[in-house]
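A structural walkthrough
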Amino acid sequence: MTFALALHIVLAVVVLGLAVWTIVARDTFAAVVGFVVYGLFLALVWVRLGAVDVALAEAAIGGGLNGVLLLGAAARLRTTELSVAPERPSVGLRLAAAVLSVAVATALAAAILLLPDPAPTLAPAAAANAAATGLANPVTNVLMAFRAMDTMLEKVVMLLALVGIWSLAPDRLWGGRPGPRHQADPQGMLAFLARLLPPIGVVVGIYLAWTGANHPGGAFQGATILAAMWLLVMMAGLADAPPVDTRWLRLALIAGPAVFLLVGLGGLWLGAAFLAYPAAYAKALILAIEAAMVLTVAITLGLLVAGPPARSAAP
Amino acid sequence: MSVATVFALCAAAAVGFGLYGLIVNPQPLRKILAFNLVGSGVFLAFGVVARRAAAAGFGADPVPQALVITGVVVAFSATALAVALLLRLFQATDAATLAPDPAPGPDSDPAGS
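These figures come from a predicted structure and were not determined experimentally.

1. Details of the overall build of chain B
Looking only at helices and strands, chain B has three helices and zero strands in total. When the elements of chain B are put in sequence order from the N terminus, they spell out α-α-α. For chain B, with 113 residues in total, the buried portion stands at 62%. A separation threshold of at least 6 residues defines the contact pool for chain B, and within that pool the share at least 24 residues apart is 48%.

Below is the structure:
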């Protein structure tokens, strides 16, 4: 057994141990903490699988934003923990669920292990067409050019999720500010970190988005770090969340999909097809879309965590 | 055993554990967590497929990787929506349960008997 194989097995065992903890832990808060650590270890698995771009996304979203969102929810729902006991399912149901889960897991494992060898791959096609966009990172090429339609629709899905969250606000609070007004000790640790980290985080976030053209990184990963910095400042009480009907906020939310759609329609008008970039301007157009996307994704992610409007717009 | 084999088994097991938790845990927040476990297992399966298809000098096929990045962001959006629905349910009913009517306490008299 080589060292690398032993490392992979230990990593898989740790990841699965945390997955089991997430399911069986009695306390929901403890389960959520387990899930956040699971997300961080999963990022290491992605590195070992040679997918550094995905590892960055998993660490930033699975370990970071998911943690803020779910820990906040677990803390709010703590009082409901005691009333759960009578709802526990019977032994028969648990046994049936276990049999079903084992069957599904076995079938999935068999399906992956029995895939044809050598595996079919699109990597040579991605490499052959890389020159058309002028970007060196193959994952960014796929996201922004070869399968740009997916990425555009994903922006729309994020906006729909945000509209869904906002629509849960009671009528009288429509147009208000999301979440509670956070108060933190101005001399405390949180306020200190909220002053210290954002200048570094903003630079790292923008760098990650910029370098994604040629190296691991990209618009999502950078935007997630920017969103985390914004949330940190809001949670420390240094800046309040904006009211949801603010004009600049609405414009920033639609900037990403709007630029994407305009470029796509331009491709239809000037070039061959929807989202076909003219070869001479491909890189410039992709960078323009990514710039608008970073802004929109960062603000959307921050507002998804902040929740529906919960208080009036007055500060 | 290669790296792909180890993490293929890991992905399948994560889906299995998540499915079990989704069915068995009665609390909605735990169901959301379990559903995210299923999702991460499916993403990992994509990662294993991408790894097996390494070619042309890339460590892994970039197409499944890009799909997973899109998937991670969509899964997060769906989780945020689910959590917001759950918190609204808690706000409206003071309970966070999916039971058709709240389970009666040990000393309360069920209606109609």
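The rest of the description comes next.
2. Brief notes about the overall build of chain A
Along chain A, the regular secondary structure elements total eleven helices and two strands. Taken from N to C terminus, the helices and strands of chain A fall in the order α-α-α-α-α-α-α-β-α-α-α-α-β. Overall, chain A is about 65 × 60 × 35 Å in size when its C-alpha atoms are taken along their principal axes. Expressed as a percentage of its 315 residues, the buried residues of chain A come to 41%. Across chain A, the fraction of contacts at a sequence separation of at least 24, relative to all contacts at a separation of at least 6, is 73%.

3. Overview of the domain arrangement of chain A
According to the domain assignment, chain A consists of domain 1 (1–75), domain 2 (88–117) and domain 3 (136–315). Each of domain 1 of chain A and domain 2 of chain A has a C-alpha centre, and the two are 21 Å apart.

4. Details of the confidence of the model for chain A
Detailed reading of the predicted coordinates is not advisable wherever pLDDT falls low. Across chain A, pLDDT averages 86, with 97% of residues at or above 70. Looking over chain A, one finds the lowest element-wise mean pLDDT in helix 5 (residues 123–128) of chain A, namely 75, and the highest in helix 2 (residues 28–48) of chain A, namely 92.

5. Quick word on the interface of chain B and chain A
Between chain B and chain A, the contact holds 72 residues from the first and 83 residues from the second. Counting only elements with at least two residues in the side of chain B that touches chain A, the list comes to helix 1 (3–24), helix 2 (28–52) and helix 3 (62–93) of chain B. When residues of the side of chain B that touches chain A are assigned to their parent elements, the largest contribution, 23 residues, is made by helix 3 of chain B. Residue classes in the side of chain B that touches chain A are distributed as 53 nonpolar, 14 polar and five charged.

6. Regarding the environment of B:F35
Inspection of the secondary structure assignment puts B:F35 in helix 2. Along the chain, B:F35 and B:A75 lie 40 residues apart, while their C-alpha atoms are 9.7 Å from each other.

7. Observations regarding the packing of helix 10 (residues 247–270) of chain A against helix 11 (residues 282–306) of chain A
What describes two packed helices is the angle between their axes and the distance between those same axes. Residue and element names in this part refer to chain A. The interhelical angle for the contact between helix 10 and helix 11, taken along N-to-C directions, is 150°, at an axis separation of 8 Å. Comparing their axes, helix 11 and helix 10 come out roughly antiparallel. Viewed along their axes, helix 10 and helix 11 form a crossing whose handedness is left-handed. Residue-level contacts link L249, A252, L253, A255, G256, V259, F260 and V263 of helix 10 to L285, A288, I289, A292, M293, L295, T296, V297, I299 and T300 of helix 11.

8. Points about helix 7 (residues 148–166) of chain A
The first and last C-alpha atoms of helix 7 of chain A sit 28 Å apart over 19 residues, in line with the 27 Å expected at 1.5 Å per residue. Here helix 7 of chain A has its buried residues at A:A148, A:T151, A:M152, A:E154, A:K155, A:M158, A:A161, A:L162 and A:I165. Taken together, the buried residues of helix 7 of chain A touch helix 6 (138–146), helix 10 and helix 11 of chain A together with helix 3 of chain B.

9. Comments concerning the environment of A:L261
Assignment of secondary structure puts A:L261 in helix 10. Each C-alpha atom of the pair A:L261 and A:K283 lies 17 Å from the other, and the pair is 22 residues apart in sequence.

10. So, the environment of A:V297
Residue and element names in this part refer to chain A. Relative to the helices and strands, V297 is located in helix 11. Residue V297 is classed as buried on the basis of its 25 C-beta neighbours within 10 Å. Linking V297 and V157, residues 140 residues apart in sequence, is a C-alpha distance of 11 Å. Beyond its immediate sequence surroundings of up to four residues, V297 is in contact with A219, F220, A223 and G256.

11. Things to note about helix 3 of chain B
With 32 residues, helix 3 of chain B extends 47 Å from end C-alpha to end C-alpha; this agrees with the ideal 46 Å at 1.5 Å per step. After helix 3 of chain B finishes, the residue B:D94 shows a positive phi value of roughly 65°.

12. Some thoughts on the packing of helix 1 (residues 3–24) of chain A against helix 2 of chain A
Residues and elements named next belong to chain A. Where helix 1 meets helix 2, the axes come as close as 8 Å, and the angle between the chain directions of the two elements is 155°. Accordingly, the angle class assigned to the pair helix 1 and helix 2 is roughly antiparallel. Remark: the crossing between helix 1 and helix 2 carries left-handed chirality. Mapping the contact onto sequence places H8, L11, V14, V15, L18, A19, W21 and T22 in helix 1 and A31, G34, F35, V37, Y38, F41, L42, L44, V45 and R48 in helix 2. Across the contact of helix 1 with helix 2, the residue classes break down as 14 nonpolar, three polar and one charged.

13. Structural notes on the confidence of the model for chain B
Residue and element names in this part refer to chain B. The share of residues in chain B with pLDDT of 70 or more is 88%, and the mean pLDDT across the chain is 83. Note that pLDDT drops below 50 for residues 104–113; the model gives that stretch one contact with residues more than four away or on any other chain. Interface confidence for the predicted complex, expressed as ipTM, amounts to 0.90; the pTM equals 0.89.

Definitions and cut-offs
Residues numbered from 1 in each chain as written. Chains lettered and ligands numbered in written order. Predicted model: local features only at pLDDT ≥ 70, side-chain atom pairs only at ≥ 80, totals over all residues. Helix = DSSP H or I, 4+ residues; strand = E, 2+ residues; numbered from the N terminus. Buried ≥ 20, exposed ≤ 12 C-beta atoms within 10 Å, placed from the backbone. Contact = placed C-beta atoms within 7 Å. Domains from an automatic or database assignment. pLDDT = per-residue confidence, 0-100. Nonpolar A, V, L, I, M, F, W, Y, C, P; charged D, E, K, R; others polar. Axes fitted to C-alpha atoms, helices over the stretch in contact; angles between N-to-C directions. Parallel < 35°, antiparallel > 145°, perpendicular 65-115°, else oblique. Left-handed = near helix turned anticlockwise from the far one by under 90°. Expected span 1.5 Å × (residues − 1).

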